[in-house]
Amino acid sequence: MTVSTIIVEARWDGKADVWTATSTSISGLAVEAPTLEALKSRVEGAIADLIELNGIDSPLAEIPVCIMASQLGSVTNPKAA
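Q: Lay out the overall build of the chain with the relevant residues and their values.
A: For the chain, the count of helices and strands is one helix and four strands. Helices (α) and strands (β) of the chain occur, in sequence order from the N terminus, as β-β-β-α-β. In terms of overall size, the chain is more extended than a compact globule, its C-alpha atoms giving a radius of gyration of 16 Å where 81 residues would be expected to give roughly 12 Å. Projecting the C-alpha coordinates of the chain onto the three principal axes gives extents of approximately 60 × 20 × 20 Å. Carbon and sulfur atoms form 53% of the exposed surface of the chain, whose accessible area is close to 5800 Å². Averaging the coordinates of the 5 positive side-chain charges in the chain and doing the same for the 10 negative ones gives two points 15 Å apart.

Q: Quick rundown of the sheet that holds strand β3 (residues 30–33)? Include the residues and the values.
A: Taken in spatial order, the four strands of this open sheet run β3-β2-β1-β4, and their pairing is mixed. The open sheet is flanked by β3 and β4 (65–70), the only strands paired with a single partner. Shown here is a sheet whose adjacent strand axes are inclined to one another by a mean of 25°, direction ignored. Sheet topology places strand β1 (residues 6–13) next to β4; six bridges connect them, and they run parallel. From the neighbouring strand, Ile7 faces β4, where its bridge partner is Cys66.

Q: Give me the lowdown on the confidence of the model for the chain, citing residues and values where you can.
A: Any region with low pLDDT has predicted coordinates that should not be read closely. Here the chain averages 93 in pLDDT, while 99% of its residues score no lower than 70. When pLDDT is averaged over each helix and strand of the chain, the minimum, 95, is found for β4 and the maximum, 98, for β3.

Q: Summarise unusual backbone geometry; cite the residues concerned and give the values.
A: The phi dihedral of Asp17 falls on the positive side, at around 55°, and the residue is not glycine. Here Asp17 lies in the loop between β1 and β2 (18–22).

Criteria and cut-off values
- Residues numbered from 1 in each chain as written.
- Predicted model: local features only at pLDDT ≥ 70, side-chain atom pairs only at ≥ 80, totals over all residues.
- Heavy atoms only, no water.
- Helix = DSSP H or I, 4+ residues; strand = E, 2+ residues; numbered from the N terminus.
- Rg over C-alpha atoms; globule rule 2.2 N^0.38 Å.
- Areas by Shrake-Rupley, 256 points an atom, 1.4 Å probe, with all protein chains shown as cover.
- Lys, Arg positive; Asp, Glu negative; His and termini not counted.
- Charge placed at Lys NZ, Arg CZ, Asp CG, Glu CD.
- Pairing = 2+ DSSP bridges.
- Axes fitted to C-alpha atoms, helices over the stretch in contact; angles between N-to-C directions.
- pLDDT = per-residue confidence, 0-100.

Take a look at the structure:
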């Protein structure tokens, strides 16, 4: 498989108080961390291992990794009764 960019989805799990990351771009990615910064580090380390394990090919010396993060929050409506 040839890859030009690896897309990673990061989501906040409020029940477990951790960020989780998965990807459809690279098989086997499933990591978690308490902060988004720590997650980025773990994602990069895991991807480096998975590139070799999955036999991924790329003409690039460095493969771009796009981490898309989402976190659901809420605000109190001041007009609510």
